Amino acid sequence: MMKYDYLIVGSGLYGAVFAHEAAAKGKKVLVIDRRGNIAGNVYTEDVEGIHVHKYGAHIFHTNNKKVWNYITKFAEFNRFTNSPVANYKGELYSMPFNMYTFNKMWGVVTPAEAAAIIEEQKKEVTGTPRNLEEQAISLVGRDIFEKLVKGYTEKQWGRDCKELPAFIIRRLPVRYTFDNNYFNALYQGIPIGGYTKLVANLLSGIEVRLNTDYLKCKDELRALADKVVYTGPIDEYFAYSLGTLEYRSVRFETELLDQPNFQGNAAVNYTDRETPWTRIIEHKWFEFGKDENGNDLPKTVISREYSSEWKPGDEPYYPVNDAKNTALYEQYRALAKKEEKVLFGGRLGEYKYYDMDAVIASALELCEREL
C-alpha cells in the first residue's frame, strides 16, 4: 500500500498550490524540499522585522482575476507599486521610460517633444534588427539605449548587446505620460507578513519534510506515493543525460545597516557597465518601511545583485530560452512524457521563465486535469 497519493518535490508556489488543492480533495500528500525552508525562491526571511526577499525581489502582479482571488485567500496584500529608479553614473531616471525620464534626459515637457526625439533617433536602424542593440535602438532610440539599456543588459547576460539576439527585447515600454508604475497589471502588491507566511498558509495541515533531496534517495521516496509532482530542474532529474540546460544565475550580497534609509526606494537599477552590480534592493520599502504593527523600522537591509553564468551547483534563476536550449528541453520533455507516474511542472520542471501569477495559474491547471 502506498502511504501517500502524491509526493510533491519542491515547496515553492507551484508545489504548494498543488499540495493545498490535492489535500482539499482528500488526497494524502507529502511535500519535500532539499532546502531547509519552505517557499522556494519566494522565501522571505525576517531580519530585524524586515521581510528580506532572500532569492531576489518578488513583486506580485497580475491581470488574472481568478489567480488574484485565489492567492489572496492565503494572505492579505498591501498596495505596493513597483516604481524602480535607474542610476546612470549618479544621474537618476524614472522607470519604466515615461515623461519623467524624458524630461530628465532631454528637458522636454510635452509628449509630442519626447516622441519627436525618439522617432528621429529610431531612424538609425533600418531593416530588421540583427541583434539586441539594434532592436533596442529601433524601439527607444540611441540616448535611452546608451544610458538605461546597454550597461544593465550586458551585465545581466554577460555579453555585449551586439552579441545578443534581438528577440530578448521584443518590446520596451515607452509611456508618453507621467506614469512610473512598472507593471501594466490590474492587481499588484506584496503579501503582508512576507511570502513565507503565504506559503505556510497554503501548506497548513500538510506534512512537509525539509533538507530532503529527492534525487539522492529517489527509489525510497518514490515508493511512498502513487504519483510524484516534480518541480526541480528537468535535466537534473534525468542526470543531465542529454546535456545541461543553461541558466543565468544571480549572486546576492546582503547587508543589515544601522540606518533607517539607504536609497529611498525598493529597487535602484545601476545601468552603467562599470558598476559591477545590476541593482540594489532595499527590502523594507516593499512594506513601506514599517513593521506589522505600523511602526517605523530603525534599521534597513540592502541586497546588491550580481548577474552571473550558471554552473551546476549554482542556483538556477533565468532559463536561457534560445534555440539551442529550447531544442534540448524538448528532448527532455519527450523523456518526461514516458515517466508515467511523474508530473513535471513549474519554472525548473518546464524550463520556462514564469512570473508568479503564471506559476499559480499553471499549478491550478494541473489540479483541474489531475484531481
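This report concerns the structure included in the present document. The shown structure was predicted, so the numbers you read here are calculated from the model rather than taken from an experiment.

Rules and cut-offs
- Residues numbered from 1 in each chain as written.
- Predicted model: local features only at pLDDT ≥ 70, side-chain atom pairs only at ≥ 80, totals over all residues.
- Heavy atoms only, no water.
- Helix = DSSP H or I, 4+ residues; strand = E, 2+ residues; numbered from the N terminus.
- Buried < 20%, exposed > 50% of the residue type's maximum accessible area, 1.4 Å probe, protein only.
- Contact = heavy atoms within 4.5 Å.
- Polar contact = N/O pair within 3.5 Å; in protein donor to acceptor, adjacent residues only side chain to side chain.
- Pairing = 2+ DSSP bridges.
- Arc of directions from axis to C-beta.
- Lys, Arg positive; Asp, Glu negative; His and termini not counted.
- Salt bridge = Lys/Arg side-chain N within 4 Å of Asp/Glu carboxyl O.
- Core = buried A, V, L, I, M, F, W, Y, C linked by side-chain atoms within 4.5 Å.

## Description of the environment of Glu282
Then step 1. Checked against the element boundaries, Glu282 lands in strand S13 (residues 279-282).
Then step 2. We classify Glu282 as buried; its relative accessible area is 0%.
Then step 3. Along the sequence, Glu282 and Asn265 sit 17 residues apart, while their C-alpha atoms lie 6.7 Å from each other.
Then step 4. In this structure, Glu282 is in contact with Pro260, Asn261, Phe262, Gln263, Gly264, Asn265, Ala266, Thr300, Val301 and Ile302, ignoring residues within four places of it in sequence.
Then step 5. Here the side chain of Glu282 touches Phe262 through a polar contact of 2.8 Å, landing on its backbone nitrogen.

## Quick word on the pairing of strand S6 (residues 85-88)
Then step 1. Bridging between S6 and strand S12 (residues 267-270) involves three bridges; their strand directions are parallel. Opposite Val85, over in S12, you have Val268 as the bridge partner.
Then step 2. Here four bridges tie S6 to strand S7 (residues 91-94), and the two strands are oriented antiparallel to one another. Counted as the bridge partner of Asn87 is Leu92 from S7.
Then step 3. Between the end of S6 and the start of S7, which pair antiparallel, lie two residues, with Lys89 showing a positive phi angle near 50°.

## Things to note about helix H7 (residues 195-202)
For the α-helix, the turn length of 3.6 residues means that residues three or four positions removed from each other point alike.
Then step 1. Among the residues of H7, Tyr195, Thr196, Leu198, Val199 and Leu202 are the ones counted as buried. The buried residues of H7 occupy one face: seen down the axis, they fall within an arc of 160°.

## Quick look at the side chain of Glu282
Then step 1. Buried charged residue Glu282 carries no salt bridge. Nearest counter-charge: Lys284, at 5.6 Å.
Then step 2. Among the polar contacts made by the side chain of Glu282, one reaches the main-chain amide nitrogen of Gln263 at a distance of 2.8 Å.
Then step 3. Separated by 3.0 Å, the side chains of Glu282 and Trp285 make a polar contact.

## Here's the deal with the nonpolar core
What tends to happen in soluble globular proteins is that the nonpolar side chains get buried as a cluster.
Then step 1. Counting 54 residues, the largest nonpolar core has Phe60, Leu198, Val199 and Ile360 as its most contacted members.
Then step 2. Counting only elements with at least two residues in this core, the list comes to strand S1 (4-9), helix H1 (13-24), strand S2 (29-32), helix H2 (65-71), H7 and helix H12 (356-370).
Then step 3. It is H12 that contributes the most residues to this core, eight residues altogether.
Then step 4. Among residues more than four places away in sequence, those in contact with Ile360 are Leu13, Val17, Phe60, Val67, Tyr70 and Ile71.

## Looking at the sheet that holds strand S15 (residues 318-319)
Then step 1. Read across the open sheet, the seven strands follow the order S7-S6-S12-S13-S14-S11-S15; overall the sheet is mixed. The sheet is open, and its two borders are formed by S7 and S15, each paired with just one other strand.
Then step 2. Taken together, the four bridges between S13 and strand S14 (residues 300-309) define a ladder with antiparallel strand orientation. Bridge pairing links Glu282 to Ile302 in S14.

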